[in-house]
Amino acid sequence: MITIKYLQNKKAEGEKFAALTAYDYLTARVIDEAGVELILVGDTLGVVVYGYESTVYVTMDDMVRHTKAVANGIKNSLLISDMPFMSYHTSLKDTLINAGLLIKAGAKGVKAEGATPFVLKSISRMVEAGILVIGHIGFTPQQINRIGGNIIQGKSKDMAEKLKEDALKLQDAGVGALVLELIPESLGKEITSNLTIPTIGIGAGRYCDGQILVTHDLLGLYTDFTPKFLKRYANLNTTIKNAVAVYRKDVLSGKFPTKDNIY
């Protein structure tokens, strides 16, 4: 079973690692068997599973349910679950309770977005309680309404300096790794070199220690999202649609079922 220490050693040795999202048992099992080091039960499930316009509608119940399903499919990958919007912002007590629910559901750690003073306190308290926490800066999807869209972060000198400071603050708070999303490659490289913990990039360039994509995007299942950083490795949307169309045609024409399909 892969641990956070394994990924931290990867960084120390100058080796890369891969991460992907999963929201169900079967997908998690396939990704795990393919050797992916980290699986994230992302709150992106709100968009690609439930069809919401953003992740802010995802609840703790959603995250717990999907974490349980994914955990059942994993033998080796490190399982991290997102803490959904407002699950770690109201009080330190609520933060610990919610993080604990995800750990009890099977996650080995949780991910929290941002580096505000309260989020840093929440992370420190979770770490103090023995919970592995992954940080997340740059573009933070749970803040999409405040930010105003999927906007690249850290392009100005002031914002770049702020993100570098936030990265160090999160490391000091005890995060085991840090997701960098939608920032210039040069900034991703600098943050990565300044940290002892591994960075995981999504639209943050080639120099992060690991990379993560949403599996539905990588496989071409979800086709409404086409950012520059995304590389599609399959086109399952079309493959599945064509297979279903042929099945329906066979049913209507009487070609299915055949003698081979009856008892």
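See the structure shown above.
These remarks concern the structure in this document. Every value quoted in this text rests on a predicted model; they were computed, and no experiment measured them.

About the thresholds
- In this numbering scheme, every chain counts its residues from 1 along its sequence in written order.
- Local features in a predicted model are, by the rule used here, given only for residues with pLDDT of at least 70; side-chain atom pairs are given and counted only at 80 or more, and totals for whole chains, interfaces and linings are based on all residues.
- Heavy atoms from the whole structure form the basis of all side-chain values; hydrogens and water molecules are not counted.
- Summary of the burial criterion: residues with accessible area below 20% of their type's maximum are buried, those above 50% are exposed, and those between are partly exposed, where the area comes from a 1.4 Å probe applied to protein chains only.
- Think of it this way: any DSSP run of H or I at least four residues long counts as a helix, any run of E at least two long counts as a strand, and we number them from the N terminus.
- What makes two strands pair is DSSP finding at least two bridges between them.
- Whether a crossover is right-handed comes down to one check: with the strands pointing away from the viewer, does the path from the first strand over the helix to the second run clockwise; if it does, it is right-handed.
- Under this scheme, a helix contributes an axis fitted over its contacting stretch, all axes are lines through C-alpha atoms, and angles between N-to-C directions fall in the 0 to 180 degree range.
- Note on contacts: a residue pair qualifies if any of its non-hydrogen atoms lie within 4.5 Å across the two residues.
- To estimate the expected span of a helix, subtract one from its residue number and multiply by 1.5 Å.
- The aromatic pairing rule takes the rings of Phe, Tyr and Trp, using the six-membered ring of Trp, and pairs them if the centres are within 6.5 Å, calling planes under 30 degrees apart stacked, those over 60 edge-to-face and the rest tilted.

With respect to the pairing of strand 2 (residues 38–41)
Taking every second residue as pointing to the same face, both faces of strand 2 are buried, with Leu38 and Leu40 on one and Ile39 and Val41 on the other. The pairing of strand 1 (residues 17–21) with strand 2 spans 3 bridges and is classified as parallel. Note on strand 2: the bridge partner recorded for Leu20 is Ile39. Assessed by its sense of winding, the connection that carries the chain from strand 1 through helix 2 (residues 25–33) to strand 2 is right-handed. The pairing of strand 2 with strand 3 (residues 78–82) spans 4 bridges and is parallel.

Re the sheet that holds strand 6 (residues 177–181)
Strand order in this closed barrel of 8 strands is 1-2-3-4-5-6-7-8, and the pairing throughout is parallel. The average undirected angle you get between the axes of adjacent strands in this sheet is 25°.

Comments concerning the side chain of Thr55
Relative to the elements of secondary structure, Thr55 occurs in the loop between helix 3 (45–48) and helix 4 (60–71). On the basis of relative accessible area, Thr55 is assigned to the buried category, the value being 5%. Look past the residues within four positions of Thr55 in its chain and what remains in contact with it is Asp43, Thr44, Val47, Pro141 and Gln142.

A word on helix 8 (residues 157–173)
End to end, helix 8 covers 24 Å across 17 residues, agreeing with the expected 24 Å (1.5 Å per residue, within 8%). Turning to helix 8, the residues buried within the fold contact helix 6 (117–128), strand 5 (132–138), strand 6 and helix 9 (185–194). Immediately beyond the C-terminal end of helix 8, within one or two residues, lies Gly174, with a positive phi of roughly 110°.

Topic: the packing of aromatic side chains
Remark: the centre distance and the inter-plane angle together describe each pair of aromatic rings, the angle taken between the planes. One pass over the full model with this rule turns up 4 aromatic pairs. Geometrically, the ring pair formed by Tyr50 and Tyr52 is stacked, given 5.8 Å between the ring centres and 15° between the ring planes. Through a chain of ring-to-ring contacts, the aromatic side chains of Tyr50, Tyr52 and Tyr57 assemble into a single cluster.

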